[in-house]
Amino acid sequence: MARPTDDSRSLGAFAPALVLLVICLVINYIDRGNLSIAAPLLKNELHLSPSQLGILFSAFFTTYTAMQFVIGWLVDHFDANRILAAGFLLWSLATVTTGLVWGFALLLSMRLILGIGESVALPSCSKILARHLPEHHRGFASGALMSALRCGNAVGTLGAGFLMAKFGWRPVFIAIGLVSLLWLPAWTRWMPRDGLALPQAVEAGPGSAAILRQRSFWGTCAGHFSCNYLFYFMITWLPTYLVLERHLSMATMTGVAGMYYSVDAVSSIASGWLQDFWIRRGYTPTLIRKSAMAIGFSIAAAAIAGCAVAAGNTYLPWLMVAGVGCGLTGPGLFTFPQTLAGTQAVGRWYGWQNGFANLAGVIGPALTGYVLQWTGNFRAPFAITAALCIAGGLAWVFIVGRVEQVRWAPASKASVAPVSAQA
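Residues numbered from 1 in each chain as written. Predicted model: local features only at pLDDT ≥ 70, side-chain atom pairs only at ≥ 80, totals over all residues. Heavy atoms only, no water.

> Explain the overall build of the protein to me, please; I cannot follow it from the model alone.
Secondary structure assignment for the protein yields 17 helices and two strands. Against the compact-globule benchmark of 22 Å for 423 residues, the protein has a radius of gyration of 20 Å, which places it among compact chains. Along the three orthogonal principal directions, the C-alpha set of the protein runs to about 60 × 45 × 40 Å. Taken across its 423 residues, the protein has 58% of its residues classed as buried. In the protein, the share of contacts with a sequence separation of at least 24, taken over all contacts with a separation of at least 6, comes to 85%. Within the structure as shown, the protein displays about 15900 Å² of accessible surface, and the carbon and sulfur contribution to it stands at 71%. Of the charged side chains in the protein, 26 are positive and 14 negative, and the gap between their average positions amounts to 4 Å. (Helix = DSSP H or I, 4+ residues; strand = E, 2+ residues; numbered from the N terminus. Rg over C-alpha atoms; globule rule 2.2 N^0.38 Å. Buried < 20%, exposed > 50% of the residue type's maximum accessible area, 1.4 Å probe, protein only. Contact = heavy atoms within 4.5 Å. Areas by Shrake-Rupley, 256 points an atom, 1.4 Å probe, with all protein chains shown as cover. Lys, Arg positive; Asp, Glu negative; His and termini not counted. Charge placed at Lys NZ, Arg CZ, Asp CG, Glu CD.)

What follows is the structure in structure tokens.
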């Protein structure tokens, strides 16, 4: 069979772009997670309450979530490469400005702008992967990108956390935002070109109603929401949990949180590689992709529950196991919509899926802040997160249908009949 060889050559040709996409998402998650690392310092400097911290955490996700529904449409109709570059520029400048402003209101404004800029990243990346890679290479590429999100948290926690402890949070925000701008000329040079050419009528893809009629679309939204709730809980509140509940110093906290994010990252890329391996061996994407989600959410739910009730330092192994479970679920967030929607509709499917799912970022951090203020400890927030992990696993397995591409008819009369995906 000649096709796998051709696929391997195409994967090699795509490698420079994949590396740059990985770097882009590392920077993306360093920038969005910096406020969480700086939260203990901000709380003291600006005299912020837990509920105000929760509002700052959630502000980013308000604009980020709203823009997903716009960006998904844009990347299906315009050049995803250039949309990604424009958003990157905006969010880098917002990061620089965050280090210069004073007061709750101005910080809130910068978080809202940051959300607009960063909203382009994941829909653009999903579109680019779908245009350039076949099914049996998307797991590894998707795992690499999801690993990059976790690496961004790890690098931000270990690197930025150490620098904030030494120099303060303001210089760190300014420096990271300025250095990040070096990515833009590299992307202009190596961004992928000459993707799969599709007839204009097909490229237009299905109408909005056709996508919204898919039961699998709502299943991916529900499952992604649960995954995001866990993921964003760990991004926004883990540093504060370690300092306030487990009484770690800032330096020790950065080490423990960074270790969690690193475990999450390794688990994500390993999961993607293993999924591709088994699909190349002849197993269906339905079996492999859904099994990974079921196992990952089950592990995460059990570990989160164990972490909530653990005494002393026994919480640490449970925390690392939760990172394994969270990482296992990562690649599927990309691979499911890429396969189900196909090249012509993946921007809108993933963008809208990510938009609904990121309501977890709007609700979760603020809810955690209010529940923490009400109860005085993290047990209830951990219990809520574990329950949503169970719900998420059920959604991916039972609400999402077969992992096969939908046969989209012209927008005026969309069909929902599936066609076998390439495996």
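> I keep staring at helix α8 (residues 183-190) and nothing clicks. Help me out?
Note on helix geometry: an α-helix contains 3.6 residues per turn, so any two residues three or four positions apart are oriented the same way. Those residues of α8 that sit buried are W183, L184, A186 and W187. Projected down its long axis, α8 shows its buried positions confined to an angular sector of 160°, all on one face. Within α8, the exposed residues directed more than 90 degrees away from the buried face are P185 and R189. (Arc of directions from axis to C-beta.)

> Whenever I open this one, unusual backbone geometry confuses me. Can you help?
Negative phi is the rule for most residues except glycine; trans is the rule for most peptide bonds. If you check the backbone angles, H247 has positive phi at about 60° while not being a glycine. Tracing the chain through its elements places H247 in the loop between α11 (215-244) and α12 (250-280). Classification of H247 as exposed rests on a relative accessible area of 66%.

> Any chance you could explain the packing of α11 against helix α14 (residues 315-341) here in plain terms?
Each pair of packed helices can be described by the angle between their axes along with the distance between the axes. At a minimum axis separation of 10 Å, α11 and α14 run at an interaxial angle of 145°. Of the two possible hands of crossing, α11 and α14 adopt the one that is left-handed. Contacts between α11 and α14 involve S216, T220, H224, C227, N228, L230, F231, M234, L238, Y241 and L242 from the first element and Y315, L319, C326, T329, L333, F336 and L340 from the second. When the residues that make up the contact of α11 with α14 are grouped by side-chain class, the tally is 13 nonpolar, five polar and no charged. (Axes fitted to C-alpha atoms, helices over the stretch in contact; angles between N-to-C directions. Left-handed = near helix turned anticlockwise from the far one by under 90°. Nonpolar A, V, L, I, M, F, W, Y, C, P; charged D, E, K, R; others polar.)

> Help me understand the packing of aromatic side chains in this model?
A ring pair, where both rings are aromatic, is described by two values, the distance of the centres and the angle of the planes. Counted under the stated rule, the structure contains 24 aromatic pairs. Their ring planes at 75° and their centres at 6.2 Å tell us that F217 and F356 sit as a pair that is edge-to-face. Separated by 139 residues along the polypeptide, F217 in helix α11 and F356 in helix α15 (residues 346-357) bring together distant segments of the chain. Classification of F217 as buried rests on a relative accessible area of 0%. Taking the relative accessible area as the measure of exposure, F356 reaches 27% and is therefore partly exposed. Note on W237 and F378: the rings are 6.2 Å apart at their centroids and 65° apart in plane angle, and the pair reads as edge-to-face. One end of the pair, W237, is in helix α11; the other, F378, is in the loop between α16 (359-375) and α17 (379-399), and 141 residues separate them in sequence. The lysine or arginine in question, R170, covers the ring of W102, its NZ or CZ lying 3.6 Å from the ring centre. (Phe/Tyr/Trp six-rings, centres within 6.5 Å; stacked < 30°, edge-to-face > 60°. Lys NZ or Arg CZ within 6 Å of the ring centre and 35° of its normal.)

> Would you mind going over the environment of H47 with me for this structure?
On the secondary structure map, H47 appears in the loop between α1 (3-45) and α2 (50-77). On the basis of relative accessible area, H47 is assigned to the exposed category, the value being 68%. As a C-alpha pair, H47 and G103 span 56 residues in sequence and 9.8 Å in three-dimensional space. Look past the residues within four positions of H47 in its chain and what remains in contact with it is L42 and Q52.

> Looking at this model, I keep getting lost on a nonpolar patch on the surface. Mind explaining?
Among the surface-exposed residues, W273, L274, W278, Y283 and L287 lie close enough to one another that they form a single nonpolar patch of about 500 Å² accessible area. Among the elements that line the nonpolar patch, the one with the most residues is α12, at three residues. By secondary structure assignment, the location of W273 is in helix α12. (Patch = residues over 30% accessible without salt bridge, like charges linked within 9 Å, V, L, I, M, F, W, Y side chains within 5 Å. Salt bridge = Lys/Arg side-chain N within 4 Å of Asp/Glu carboxyl O.)

> Would you mind going over the nonpolar core with me for this structure?
Most often, soluble globular proteins have nonpolar side chains that are buried together. In this structure, M234, L242 and L319 are the most contacted members of the largest nonpolar core, which totals 118 residues. Top contributing element to this core by residue count: α1, with 16 residues. In this view, L242 contacts H247, L248, M253, V256, A257, Y315 and L319; residues no more than four positions away in its chain are not counted. (Core = buried A, V, L, I, M, F, W, Y, C linked by side-chain atoms within 4.5 Å.)

> Explain the environment of P381 here, please?
Structurally, P381 is set in helix α17. Judged by relative accessible area, which is 2%, P381 ranks as buried. On a C-alpha basis, the gap between P381 and S51 in space is 14 Å, while along the polypeptide they are 330 residues apart. Filtering out sequence-adjacent residues up to four positions away, P381 remains in contact with F233, T368 and V371.

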